[in-house]
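Next come the chains, spelled out residue by residue.
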Amino acid sequence: MNFLLKNLELHLPEHCLLNGEKSYDQGNVLNLYESEKHLWVSYVLEHEVEIQISPSKVLAYSCECEDYKDKDVCEHIGATLLALRKHLSINKEKKQKRKISKTPPKRLTINAVFEHVDNEDLVSFMRQYAKANRTFGLALKARFAAKVPMENSYEKYAQLIDSTINSYRKKDDKINFTGSIQIIGIAKQLLGLAKDEIALENLSEGFVILKCLIKKITPVLQKLENNQEKISLFIDASFKTIKQLLSFEPAPYLQNQIRLFCLEEMTKPIYYLNEFSFYFIDLLKLISIEQKELKELLKVIDYQLDSQEISENFRAKLIFEKMKLLDKLGSKNQIHLLINKHLQNPELILAVIENSINTKDYTQAKDIAIKGLSQKYKELYKVKIEILLLQIYLTLNEKEKIAPLSKELFIETFDFKYLNIYKSYSTKQWNESIKELLTKLHNLPYSIKKRDTIAKFLTEEKLHDELFEYMTRLGSLDLLRNFDKFLLPEKKKEVFELYHQLLSQYLNHHFGRIPSEKIKNTILHLFEIGANDLASMLVKQIKSDFKERPSLMDKLNLF
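Described in the following lines is the structure provided in the data block. (Residues numbered from 1 in each chain as written. Predicted model: local features only at pLDDT ≥ 70, side-chain atom pairs only at ≥ 80, totals over all residues. Heavy atoms only, no water.)

1. Observations regarding the overall build of the protein
Point 1. Tallying secondary structure elements over the protein gives 29 helices and five strands in all.
Point 2. The C-alpha atoms of the protein give a radius of gyration of 37 Å, which is well past the 24 Å a tight globule of 559 residues would have.
Point 3. Taken across its 559 residues, the protein has 43% of its residues classed as buried.
Point 4. Restricting the contact set of the protein to residue pairs at least 6 apart, pairs at least 24 apart contribute 57%.
Point 5. Counting only carbon and sulfur atoms, one obtains 51% of the accessible surface of the protein, whose full area is about 31700 Å².
Point 6. Charged side chains in the protein number 84 positive and 76 negative. The centres of these two groups are separated by 5 Å. (Helix = DSSP H or I, 4+ residues; strand = E, 2+ residues; numbered from the N terminus. Rg over C-alpha atoms; globule rule 2.2 N^0.38 Å. Buried < 20%, exposed > 50% of the residue type's maximum accessible area, 1.4 Å probe, protein only. Contact = heavy atoms within 4.5 Å. Areas by Shrake-Rupley, 256 points an atom, 1.4 Å probe, with all protein chains shown as cover. Lys, Arg positive; Asp, Glu negative; His and termini not counted. Charge placed at Lys NZ, Arg CZ, Asp CG, Glu CD.)

In structure tokens form, the structure reads like this:
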């Protein structure tokens, strides 16, 4: 809940208000006090009532009585809210009287001016200042627009936004940084006003403001020199607020107004070229129930799909939305035709597979994944589809298909979780599988990731001879540092000799402070993994071999 305390009559059931008012008039609300900030407690006919406010809004309430347990509201809450509103009103009046009776202020502050200046004088000044200062004038109109009665509410807010935009439009039709700041200010105030109207259940007025924000601000985006992203956030927030409005279950007339607004605006290039169409689609899906309404939405989506200017990613998303609508309409054949027609679009195929998995239609998901893999997609998309297909095989427990696909994914991704799946489902002798995997890995183009994957694979399989041979062949100091701890228990001497060889080769070709730092870090690494004697032997050997290198000696003298 979230409603203004002053408007509580609009939010409580009639019986709670009538019985609560009677109970309040009879003096049954006892010991009303603020137990902590904004949390009020009272006792009504021996029932404890708690009210949480914000301070002007009611955020939550509770009562010990049986009625509250059954209906989440009761007359005791009604009585306490009436008492609290009266209590706060009296306190406010007292504060105002105290302000008036205060001694003259010692400093000239804004509050001091408001307390001592006559209202008529203040209004007169504001009228003149608003004429002279357009920024203040616009802010004033935005703040109090809802209070001004006009025959056409939409026109009122449209004039406000138009006057803001036109005030800062340059000759080339662009809007500079200052203009964008003013637009943000107006948008922020109107969005807040719309939310207030919706909170008060003035849903039609709230929708008019939000519709105006969307229609007037979206076309401005391409004319802004700055702050496009910030202003886009207000468009996003406006659509989300309409979604919240729909949760109030507005009257059919207003729902129809929202539906017509969405259908009309969706067809305008300014929205679908900025890829805002899904805002409208989300709203329409909430209020389109009849087949006729769903078919209208399909037509609008098809209209956008006919455009040659939209991106392929956006097109895929639109087609996917179309498929979901066709599914609602029970048009399975059309869905299959659409999938076959767009098999060359990997983004779409991925979306359809994922949706089929989420809806547990694994047969369709598998069929589309296999069709997708028959296409000549880029490697990235191929791997993504294979991952989804493996997920399907695991779910369906298709053991004979799990092993080859998980093996392929391990080779493609170097991800050991696929190796573990392959181990679990492979029917081959594991020694044969190891040889086959190593052959495939060795045949791949060289990369650091491939190098480390082979070393990790040999480590996990405890093939230490092969791991040492691989390290020796590659001659990589980094690889040796990453995997030396697995070899030291069995090959301490060999590891020392390989370190000595690689460090010597490195120092023969690199001079100065940076190589010396690298040697120091390598020695530190050996101490850290507990190979102290090996580290000491290396320090002694390198000092002997490269004693003419001062910076290196300085580093080694630390040990």
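2. Thoughts on the packing of helix H7 (residues 153–167) against helix H9 (residues 203–217)
Between two packed helices, the angle of one axis relative to the other and the distance separating the axes together describe the packing.
Point 1. The contact between H7 and H9 brings their axes to 9 Å, and the two run at 35°. The chirality of how H7 crosses H9 is right-handed. Where H7 approaches H9, its residues Ser 153, Tyr 154, Lys 156, Tyr 157, Ala 158, Ile 161, Asp 162 and Ile 165 are matched on the opposing element by Glu 205, Val 208, Ile 209, Lys 211, Cys 212, Leu 213, Lys 215, Lys 216 and Ile 217.
Point 2. Looking at the contact of H7 with H9 residue by residue, the class counts come to 10 nonpolar, one polar and six charged. (Axes fitted to C-alpha atoms, helices over the stretch in contact; angles between N-to-C directions. Left-handed = near helix turned anticlockwise from the far one by under 90°. Nonpolar A, V, L, I, M, F, W, Y, C, P; charged D, E, K, R; others polar.)

3. Focus on the packing of helix H6 (residues 134–144) against H7
Point 1. Following both chains from N to C, one finds H6 and H7 inclined at 165°, their axes separated by 10 Å at the closest point. As far as their axial angle goes, H7 and H6 are roughly antiparallel. Once H6 is placed against H7, the crossing between them reads as left-handed. When H6 is examined against H7, the residues Arg 134, Leu 138, Lys 141 and Ala 142 are found in contact with a partner set consisting of Leu 160, Ser 163, Thr 164 and Ser 167.
Point 2. Residue composition of the contact of H6 with H7, grouped by class: three nonpolar, three polar and two charged. (Parallel < 35°, antiparallel > 145°, perpendicular 65-115°, else oblique.)

4. What about the pattern of salt bridges?
Point 1. With the rule as written, the count across this model stands at 29 salt bridges.
Point 2. With a closest N to O distance of 2.8 Å, Asp 327 and Lys 332 form a salt bridge.
Point 3. With a relative accessible area of 45%, Lys 332 lands in the partly exposed category. (Salt bridge = Lys/Arg side-chain N within 4 Å of Asp/Glu carboxyl O.)

5. Things to note about the packing of aromatic side chains
In this description, an aromatic ring pair is defined by two values, namely the gap between the centres and the angle between the planes.
Point 1. Within this structure, the stated rule accounts for 13 aromatic pairs.
Point 2. Note on Phe 261 and Phe 280: the rings are 5.9 Å apart at their centroids and 65° apart in plane angle, and the pair reads as edge-to-face. Of this pair, Phe 261 sits in helix H11 (residues 252–266) while Phe 280 sits in helix H13 (residues 277–287), and the two are 19 residues apart along the sequence. Residue Phe 261 shares its accessibility class with Phe 280, and that shared class is buried.
Point 3. Over the aromatic face of Phe 416 sits the side chain of Lys 456, whose NZ or CZ is 4.2 Å from the ring centroid.
Point 4. Above the face of the Tyr 506 ring, Lys 518 is positioned so that its terminal group lies 4.9 Å from the ring centre. (Phe/Tyr/Trp six-rings, centres within 6.5 Å; stacked < 30°, edge-to-face > 60°. Lys NZ or Arg CZ within 6 Å of the ring centre and 35° of its normal.)

6. Quick word on the sheet that holds strand E5 (residues 57–63)
Point 1. Here we have five strands laid out as an open sheet, ordered E1-E5-E4-E3-E2, and antiparallel in their pairing. If you trace the sheet from one side to the other, it starts and ends with strand E1 (3–4) and strand E2 (29–36), each paired once.
Point 2. Examined bridge by bridge, strand E3 (residues 39–44) and strand E4 (residues 47–53) share six bridges and lie antiparallel to one another. Of the residues in E4, the one forming a bridge with Val 44 is His 47. (Pairing = 2+ DSSP bridges.)

7. Some remarks on the environment of Ile 385
Point 1. Examined against the element boundaries, Ile 385 turns out to sit in helix H19 (residues 379–396).
Point 2. Residue class for Ile 385 comes out buried when judged on its relative accessible area of 0%.
Point 3. Separated by 13 residues in the primary sequence, Ile 385 and Gly 372 have C-alpha atoms spaced 7.4 Å apart.
Point 4. Those residues in contact with Ile 385 that lie beyond four places of it in its chain are Ile 349, Leu 350, Ile 353, Ala 369, Gly 372, Leu 373 and Tyr 377.

8. Overview of the environment of Asn 133
Point 1. Summarising the element assignment, Asn 133 is placed in the loop between helix H5 (119–132) and H6.
Point 2. The partly exposed category is assigned to Asn 133, whose relative accessible area is 25%.
Point 3. In this structure, the C-alpha to C-alpha distance between Asn 133 and Gly 20, residues 113 residues apart in sequence, is 50 Å.

9. Describing the nonpolar core
Point 1. Ranked by size, the top nonpolar core spans 146 residues in total, and within it Leu 190, Ile 258, Ile 353, Tyr 499 and Leu 534 carry the most contacts.
Point 2. Residue contacts for Leu 190: discarding those within four places in its chain leaves Ala 142, Tyr 157, Leu 160, Ile 161, Ile 209 and Leu 213.
Point 3. Core analysis: the next-biggest nonpolar cluster, separate from the first, contains 25 residues, Leu 17, Val 29, Tyr 68 and Cys 74 among them. (Core = buried A, V, L, I, M, F, W, Y, C linked by side-chain atoms within 4.5 Å.)

10. Describing a nonpolar patch on the surface
Point 1. On the surface, a cluster of nonpolar side chains totalling about 290 Å² of accessible area is made up of Tyr 446, Ile 448 and Leu 474.
Point 2. Here Tyr 446 lies in the loop between helix H22 (430–443) and helix H23 (448–460).
Point 3. Of the residues examined, Tyr 446 reaches a relative accessible area of 52% and is grouped as exposed. (Patch = residues over 30% accessible without salt bridge, like charges linked within 9 Å, V, L, I, M, F, W, Y side chains within 5 Å.)

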